[in-house]
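Structure at a glance
So you can see what is in the structure, the chains are spelled out below.
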Amino acid sequence: MIPVTPLTADRPSALATEISERLNSAIREHLLAAFAPDNTKSLRTFAAPEAAELLGVSGQFMRKVHSEGTIPEPKDVRSGRRYYTAQELWEARETLEKTSRKQGRYIPRRTEEEKLQVWQLMNFKGGSSKSTTTIHLAHFFALRGYRVLAVDLDPQGSLTSMCGISPEIEFDGLTIYDAIRYEDPVNMADVVLPTYFPGLSVAPSRLVLSEFETESAVHSNPDHPFFTRIRNALAQVEDDFDLVLIDSPPQLGFLTIAGMAAASSLLVPLTPSMLDVSSTAQFLELAGAYMAVIEDAGATLEYDSFKFLITRDEPTDVPSQQLASFMRALFQDRVMSATALKSTAISDATMLKQSIYEVVRSEMTRATYDRAKNSMDAIGSEVEQMIHQAWGRS
Ligand SMILES: Nc1ncnc2c1ncn2[C@@H]1O[C@H](COP(=O)(O)OP(=O)(O)OP(=O)(O)O)[C@@H](O)[C@H]1O
Ligand SMILES: [Mg+2]
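Keep in mind the model is a prediction, meaning the values are calculated, not measured. (Residues numbered from 1 in each chain as written. Chains lettered and ligands numbered in written order. Predicted model: local features only at pLDDT ≥ 70, side-chain atom pairs only at ≥ 80, totals over all residues. Heavy atoms only, no water.)

When the parts come together, some accessible area is lost, and that loss is often what is quoted as the size of the interface. Here the domain parsing of the chain yields domain 1 (46–99) and domain 2 (117–390). Here the C-alpha centroids of domain 1 and domain 2 sit 31 Å apart. The interface of domain 1 with domain 2 comprises 8 residues on the first partner and 11 residues on the second. Interface area for domain 1 against domain 2, summed over the two sides, is near 780 Å², with a carbon-plus-sulfur share of 62%. (Domains from an automatic or database assignment. Contact = heavy atoms within 4.5 Å. Buried area = accessible area lost by both parts, 1.4 Å probe.)

Written out as structure tokens, the structure is:
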């Protein structure tokens, strides 16, 4: 416990600083306790049945390739049960892909003809599950062998912390701001960091990113206007990824609009409450107006998919179900079939800056865990289908 003493600052500015310092040191203590001993996140292992499911093979097939020596035994074998690290799963994919007759069976990466998928999650309603959905999609795809880049466009940095970097404390490296700023921007390749989660990289964010809003308001660089800056940054690293997921801040400012201009698909997470639905209507009205403005300025906006995702769905709550049906009746398949169920498994995991994919099933009530994971898997699979469609597969 930190000793709690009264705050001593007298002026509001000093008080804000004092509060922030106290908060930061408390966060540091909290994180140290949560991620002991070395304050870095690490990923759990995957038991054999889950590993087989992720690789898309049967348990019998796994036993066979082990006994034939095609893929090495995982390091962690306890009482005859195999547990795989995500890294070992990546390596198994590579080996199996080499021996597979069907190209892309184990490594589903895009080919040169298939263009980079850039999905932006956006809604100016705070708390509509933008960041939660982004991290779950990121983990879903990375576990299935795609190369994923998570771009944090929110100066609050929630996605950045979920990727194992704490923008509030020790992190003072380059951020997405440095790649898109007007003065002397750095190459995006210098910003992108691998994470502890194999297959997932992050373009981190921190408070300084909000400078982009102010600078964009005063800068007019006709050669590189604000709405080209994220797209151009992504172009510098595009060969390294199959999928980019952009988490946006709860506002429709220059950052969100520049993200929209870089995106190939848009996903609008939406909680089925009357307030959220009407605020989303306003959001889209504004977004439409801004899209027209940047199109007039020379941006080409073309989306493979532009969908709503119902989040924090409560199947037993009648009013929210009515609103969800109302949205489906109005917009049909523009509303994704899968929904994110409201679940304590999700909120508990995100408290620890984790996704449901990082939680060990036996540490939760199984039924609760399964419902939450199935719901996230269904969203991931539906997005994967849309991506395959955009690539002209399936
Ligand atoms: N499916 C869910 N079930 C339960 N809780 C959820 C679910 N999805 C999100 N939450 C909780 O709702 C809160 C807000 O979620 P999140 O941070 O993802 O929203 P956001 O849209 O990114 O917010 P912001 O606008 O502030 O960036 C979080 O505390 C998260 O744990
Ligand atoms: Mg967020």
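Read from one edge to the other, the open sheet built from 7 strands follows the order β6-β7-β5-β8-β4-β9-β10, with strand pairing classed as mixed. Two strands lie at the open edges of the sheet, namely β6 (193–194) and β10 (305–310), each paired on one side alone. Its contacts with the sheet place helix α14 (residues 366–390) against β4 (117–121), β8 (243–247) and β10, and it is angled at close to 140° to β4. (Pairing = 2+ DSSP bridges. Helix = DSSP H or I, 4+ residues; strand = E, 2+ residues; numbered from the N terminus. Axes fitted to C-alpha atoms, helices over the stretch in contact; angles between N-to-C directions.)

What follows concerns the nonpolar core. With 59 residues, the main nonpolar core has F141, I356, I379 and V383 as its most contacted residues. Composition of this core by domain shows at least three residues from each of domain 1 (46–99) and domain 2 (117–390). Apart from the residues lying within four places of it in its own chain, the contact partners of F141 are Y146, V148, L243, G380, V383, E384 and I387. One finds V151, L153, V191 and I230 within the second-largest nonpolar core, a separate group that totals 41 residues. (Core = buried A, V, L, I, M, F, W, Y, C linked by side-chain atoms within 4.5 Å. Buried < 20%, exposed > 50% of the residue type's maximum accessible area, 1.4 Å probe, protein only.)

At a minimum axis separation of 8 Å, helix α8 (residues 211–218) and helix α10 (residues 254–262) run at an interaxial angle of 80°. When the axis of α8 is compared with that of α10, the two are roughly perpendicular. The segment α8 lies against α10, with F212, E213, S216 and A217 engaging F254, L255 and A258. Per-class residue counts for the contact of α8 with α10 are 5 nonpolar, 1 polar and 1 charged. (Parallel < 35°, antiparallel > 145°, perpendicular 65-115°, else oblique. Nonpolar A, V, L, I, M, F, W, Y, C, P; charged D, E, K, R; others polar.)

Glancing now at unusual backbone geometry. The phi dihedral of Q332 falls on the positive side, at around 40°, and the residue is not glycine. Within the secondary structure, Q332 is located in the loop between α12 (318–331) and α13 (344–351). Exposure remark for Q332: the relative accessible area of 56% places this residue in the exposed category.

Turning our attention to a negative patch on the surface. There is a patch of like negative charges on the surface, built from E112, E113, D239 and D240. Position of E113 relative to the elements: it lies in the loop between α4 (86–99) and β4. (Patch = residues over 30% accessible without salt bridge, like charges linked within 9 Å, V, L, I, M, F, W, Y side chains within 5 Å. Areas by Shrake-Rupley, 256 points an atom, 1.4 Å probe, with all protein chains shown as cover. Salt bridge = Lys/Arg side-chain N within 4 Å of Asp/Glu carboxyl O. Lys, Arg positive; Asp, Glu negative; His and termini not counted. Charge placed at Lys NZ, Arg CZ, Asp CG, Glu CD.)

In the region of ligand 1, 17 residues are neighbours, and K130, S131, T132, L341 and T350 sit closest. Note that an oxygen atom of ligand 1 is positioned 3.0 Å from one of the backbone N or O atoms of G127. S129 places a polar side-chain atom, nitrogen or oxygen, 3.0 Å from a nitrogen atom of ligand 1. Taking 630 Å² as the accessible area of ligand 1 by itself, protein coverage stands at 79%. Breaking the shell around ligand 1 down by element, the ones donating at least two residues are α5 (130–143) and α13. Per-class residue counts for the shell around ligand 1 are 3 nonpolar, 10 polar and 4 charged. (Near = heavy atom within 4 Å. Polar contact = N/O pair within 3.5 Å; in protein donor to acceptor, adjacent residues only side chain to side chain.)

Another aspect to go through is the environment of F226. Considering the arrangement of structural elements, one finds F226 in the loop between α8 and α9 (229–235). Note: C-alpha distance between F226 and R181 (45 residues apart in sequence) is 9.1 Å.

Another point: the side chain of E88. Mapping E88 onto the fold places it in helix α4. Buried and without a salt bridge, E88 has K75 as its closest oppositely charged side chain, separated by 4.7 Å. Among residues more than four places away in sequence, those in contact with E88 are P74, K75 and Y83.

For the rest of this paragraph, the subject is the side chain of T280. Examined against the element boundaries, T280 turns out to sit in helix α11 (residues 274–296). Overall, T280 belongs to the buried group, its relative accessible area being 3%. Excluding its chain neighbours within four sequence positions, the residues that come into contact with T280 are N123, V268, L270 and F308.

The antiparallel open sheet is built from 3 strands, whose spatial order is β1-β3-β2. Single-partner strands in this sheet number two, and they are β1 (46–47) and β2 (76–78). As paired strands, β1 and strand β3 (residues 81–84) are joined by 2 bridges and run antiparallel to one another. Bridge pairing links A47 to Y83 in β3.

This next bit is on α11. Across its 23 residues, α11 extends 33 Å between first and last C-alpha, which sits within 8% of the 33 Å expected from 1.5 Å per residue. Residues of α11 that are buried include every one of D276, V277, S279, T280, F283, A287, M291 and I294, and no others. Two residues or fewer after α11 comes G298, characterised by a positive phi angle close to 115°. (Expected span 1.5 Å × (residues − 1).)

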